[in-house]
Amino acid sequence: MKIAVLGSGAMGCLYGGKLAEAGYDVTLIDVWKDHIDSINNRGLHIEGIEGERTVRSIRAVSSAGEAGPCDLLIVFVKATLTAQAVESARGIIGERTSILTLQNGLGNVEKISAVVGEEKVIAGVTGHGSTLLGPGKIRHAGQGVTVIGELNGAVDERLRCIGAVLEKGGFDVKLSQNVMGLIWGKLLVNIGINALTAITGLKNGRLVDFSETEELLRSAVEEAVAVAKGKGVILEGEDPVEHARNVARLTATNRSSMLQDVSNKRKTEIDVINGAIVQEGKRLGIPTPVNKVLYNLVSVKEKTYEEV
Ligand code: PAF
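The name given to the protein in an unreviewed UniProt entry is 2-dehydropantoate 2-reductase, and the organism recorded there is Aminobacterium colombiense. The annotation that UniProt attaches to the protein under Function (unreviewed entry) is "Catalyzes the NADPH-dependent reduction of ketopantoate into pantoic acid." Comment text from UniProt for the protein, heading Catalytic activity (unreviewed entry), reads "(R)-pantoate + NADP(+) = 2-dehydropantoate + NADPH + H(+)".

Chemist: Which parts of the structure should I look at to understand the overall build of the protein?
Modeler: Counting its secondary structure elements, the protein contains twelve helices and twelve strands. For 308 residues, the compact-globule formula gives about 19 Å, and the C-alpha radius of gyration of the protein, at 18 Å, lands near that figure. Once the C-alpha set of the protein is aligned to its principal axes, its extents read approximately 45 × 45 × 30 Å. Counting only residues that meet the buried cut, the protein has 49% of its 308 residues in that class. In the protein, the share of contacts with a sequence separation of at least 24, taken over all contacts with a separation of at least 6, comes to 69%.

Chemist: How should I be thinking about the sheet that holds strand 5 (residues 58–61) in this particular structure?
Modeler: The pairing of strands in a sheet happens through backbone hydrogen bonds and is either parallel or antiparallel. Spatially, 5-2-1-6-7-8-11-12 is the arrangement adopted by the eight strands of the open sheet, whose pairing is mixed. Because the sheet does not close on itself, it has two edges, and the strands there are strand 5 and strand 12 (173–175). Here the average twist between neighbouring strands, direction ignored, is 25 degrees. Against the sheet, helix 2 (residues 33–42) touches strand 2 (25–29) and strand 5, its axis set at about 155 degrees to strand 5.

Chemist: Which parts of the structure should I look at to understand the UniProt feature "domain: Ketopantoate reductase N-terminal" (unreviewed entry) in the protein?
Modeler: According to UniProt, the feature "domain: Ketopantoate reductase N-terminal" (unreviewed entry) maps to residues 3–152 in the numbering used here. A helix fraction of 28% and a strand fraction of 39% characterise residues 3–152, whose end C-alpha atoms lie 23 Å from each other.

Chemist: Honestly, the site of the ligand in this entry has me stumped. Any pointers?
Modeler: Close to the ligand lie Asn104, Gly129, Val189, Asn190, Ile193, Asn194, Asn204, Val247, Thr251, Asn254, Ser256 and Ser257, which account for all nearby residues. It is helix 7 (residues 179–200) that contributes the most residues to the shell around the ligand, four residues altogether. Residue composition of the shell around the ligand, by class: three nonpolar, nine polar and no charged.

Chemist: I keep staring at the sheet that holds strand 9 (residues 129–134) and nothing clicks. Help me out?
Modeler: With mixed pairing, four strands are arranged side by side in an open sheet as 4-3-10-9. Strands with a single pairing partner mark the edges of an open sheet, and in this sheet they are strand 4 (53–55) and strand 9. Taking each pair of neighbouring strands and ignoring which way they run, the sheet shows an average axis angle of 30 degrees. Note that strand 9 and strand 10 (residues 137–142) share five bridges and pair antiparallel. For Ser130, the partnering residue across the bridge sits in strand 10 and is His140. Lying over the sheet, helix 1 (residues 10–21) contacts strand 3 (44–48), strand 4, strand 9 and strand 10, oriented at roughly 100 degrees with respect to strand 9.

Cut-offs used in this document
- Residues numbered from 1 in each chain as written.
- Predicted model: local features only at pLDDT ≥ 70, side-chain atom pairs only at ≥ 80, totals over all residues.
- UniProt positions renumbered as here; feature names shortened; annotations may be inferred.
- Helix = DSSP H or I, 4+ residues; strand = E, 2+ residues; numbered from the N terminus.
- Rg over C-alpha atoms; globule rule 2.2 N^0.38 Å.
- Buried ≥ 20, exposed ≤ 12 C-beta atoms within 10 Å, placed from the backbone.
- Contact = placed C-beta atoms within 7 Å.
- Pairing = 2+ DSSP bridges.
- Axes fitted to C-alpha atoms, helices over the stretch in contact; angles between N-to-C directions.
- Near = placed C-beta within 6 Å.
- Nonpolar A, V, L, I, M, F, W, Y, C, P; charged D, E, K, R; others polar.

Next comes the structure, spelled out in structure tokens:
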């Protein structure tokens, strides 16, 4: 099976690296030249919870065209770049290519479907945490389940096959009949953790150490739950506020992806996390004042990177 990973930051490298270690033919696609050169010349260095090693059986390219046709395209670009990235990869998406999105944020499934058609898309969420340490280097910071599902809820041959590929890559996989509910479940965690860590500079676990941040985490998640219910999303599992708190505790030493983005003065995913809740809330007439404040504060941070 030929696998291409579109967007090879921390998470793309983790999935691509582990799949290459399992023997799959993996090509990472990214625009960061130093990162690509480093992977091609010295291999992909992975450290962290599964030990330190260098994966040499992996290739990195700077444009999708160089990757060639693939059987599975895993999309890991920032949610703000999804439409543009998938459009640029059209040439490597054949009739039998499946596209798996494991990205954070709302709207990725819709954006990918608009380019390639819904039937090609499989969606999912990942419980893994990874940090980009520098060109060609990541730290695998935490692990959890990778849950994937067909958009129509079917647990079919294709889903089982992709699940088996991920399992061979060492991922703990579950197949879901309610993948949109899961994406919202993950979104609620990101709603509670990401902007708050980006604004305060705190690691995930510290958010539950202070009543002030706990209160904001709770309110942001509760507003988003009201929006999810307004949209008819079926949420699964434990109480979403409790779940966001638990994830903060379980990933206590992680710097969230949004905190990593603001620390590196990069565009964040605020538009498709808290921003998406504000937009959907407006449409449904559901107030989302805490999400609006978090959205505004992170947006101002992004706009003033050069001033601080
Ligand atoms: O975006 C992230 O960083 C992660 O989704 C999470 C779960 C908040 C852990 O850091």
